Amino acid sequence: MTILNVETFAIPGPALITVAAHGDDRGWFSESWNAQDWRDAGLPHIDWVQDNKAFSAAPGTTRGLHFQTPPHAQAKLVDVLRGEIFDAIVDLRAGSPTFGRAITVRLSAQAHSLLYVPVGFAHGYQTLSTNTLVAYKVSDHYAPECEGGLLWCDVSLGIEWPRPDDVVMSGRDFTWPGLAELDTPFTYQA
């Protein structure tokens, strides 16, 4: 994986991880996961149990803001394989000094950066290019009975989506509660 940089945020827990890409005239090679490099960088131990991929044909495709509740809560490691996304995460940990605050980053296939999203955060993204392919690891298996979400466009979150008026989205993502209506299942552990 050869981690070049770990950028932390004002909200403790998440991290933007930049990895090395070794290139030549054929293109480039990069490790997307290496447990030893992860430990050496001081990142938390995670047992990744499932890999997911999501393809979005149109720019403006918006997925989220999603989470899974305990006992199947998920940490995520998000990687863009093709295209570019605007990624957003929101702290949902009751008692957290940053509860309800959002972090946003742009991820692209060219940047070779991954976003680590800990348990206790809602996660979503909006595609910025055509034919975008996103891959992510999760720390627990998909459990439909534990699915949860937060309304992506809740103004109290302060997320400035690049394409707020031109979104392609599943119907359920329009119906999640806003932060004020959410009964969070997560608790902050200092």
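Residues numbered from 1 in each chain as written. Predicted model: local features only at pLDDT ≥ 70, side-chain atom pairs only at ≥ 80, totals over all residues. Heavy atoms only, no water.

Caption draft 1: Representation of the overall build of the protein chain within the structure. Summing up its helical and strand segments, the protein chain has 1 helix and 15 strands in all. The C-alpha radius of gyration of the protein chain comes to 16 Å, within 12% of the 16 Å expected for a compact globule of 190 residues. The principal-axis extents of the C-alpha atoms in the protein chain amount to approximately 55 × 40 × 30 Å. Looking at the protein chain as a whole, 49% of its 190 residues are labelled buried. (Helix = DSSP H or I, 4+ residues; strand = E, 2+ residues; numbered from the N terminus. Rg over C-alpha atoms; globule rule 2.2 N^0.38 Å. Buried < 20%, exposed > 50% of the residue type's maximum accessible area, 1.4 Å probe, protein only.)

Caption draft 2: The arrangement of the pairing of strand S11 (residues 113–117) in detail. For S11, the buried fraction is high: 5 of the 5 residues fall into the buried class. With 4 bridges connecting them, strand S2 (residues 15–19) and S11 associate as antiparallel partners. Residue pairing for S11: Thr18 is matched across the bridge by Ser113. (Pairing = 2+ DSSP bridges.)

Caption draft 3: Just the packing of aromatic side chains, in detail. For the coordinates displayed, the defined rule picks out 7 aromatic pairs. Ring pairs connect the aromatic residues Trp33, Trp38, Trp48 and Tyr116, which therefore count as one cluster. (Phe/Tyr/Trp six-rings, centres within 6.5 Å; stacked < 30°, edge-to-face > 60°.)

Caption draft 4: Here's a closer look at the pattern of salt bridges. For the coordinates displayed, the defined rule picks out 6 salt bridges. Here Asp24 makes a salt bridge to Arg26, at a shortest N to O gap of 2.5 Å. Overall, the relative accessible area of 40% leaves Asp24 in the partly exposed class. The shortest N-O distance in the salt bridge between Asp166 and Arg163 comes to 2.4 Å. (Salt bridge = Lys/Arg side-chain N within 4 Å of Asp/Glu carboxyl O.)

Caption draft 5: Looking closely at the pairing of strand S1 (residues 3–8). Bridge analysis of S1 against S2 gives 5 bridges, and the strand direction is antiparallel. Opposite Thr8, over in S2, you have Ala15 as the bridge partner.

Caption draft 6: Here's a closer look at the sheet that holds strand S7 (residues 76–82). One open sheet holds the 6 strands; their spatial order is S1-S2-S11-S7-S13-S5, and the pairing between them is antiparallel. Each edge of the open sheet is held by one strand with a lone partner, namely S1 and strand S5 (50–56). For this sheet the average axis-to-axis angle between neighbouring strands, irrespective of direction, equals 20 degrees. Bridge count between S7 and strand S13 (residues 132–138): 6 bridges; the pairing is antiparallel. Within S13, the residue paired with Asp79 across the bridge is Ala135. (Axes fitted to C-alpha atoms, helices over the stretch in contact; angles between N-to-C directions.)

Caption draft 7: Expanded view of unusual backbone geometry. Cis geometry marks the peptide bond from Gly64 to Leu65; its omega dihedral reads 10 degrees. Topologically, Leu65 is positioned in strand S6 (residues 62–68). The residue after Pro70, namely Pro71, is reached through a cis peptide bond having omega 10 degrees. Position of Pro71 among the secondary structure elements: in the loop between S6 and S7. At His112, a residue that is not glycine, the phi angle is positive and equals roughly 55 degrees. Classification of His112 as buried rests on a relative accessible area of 16%.

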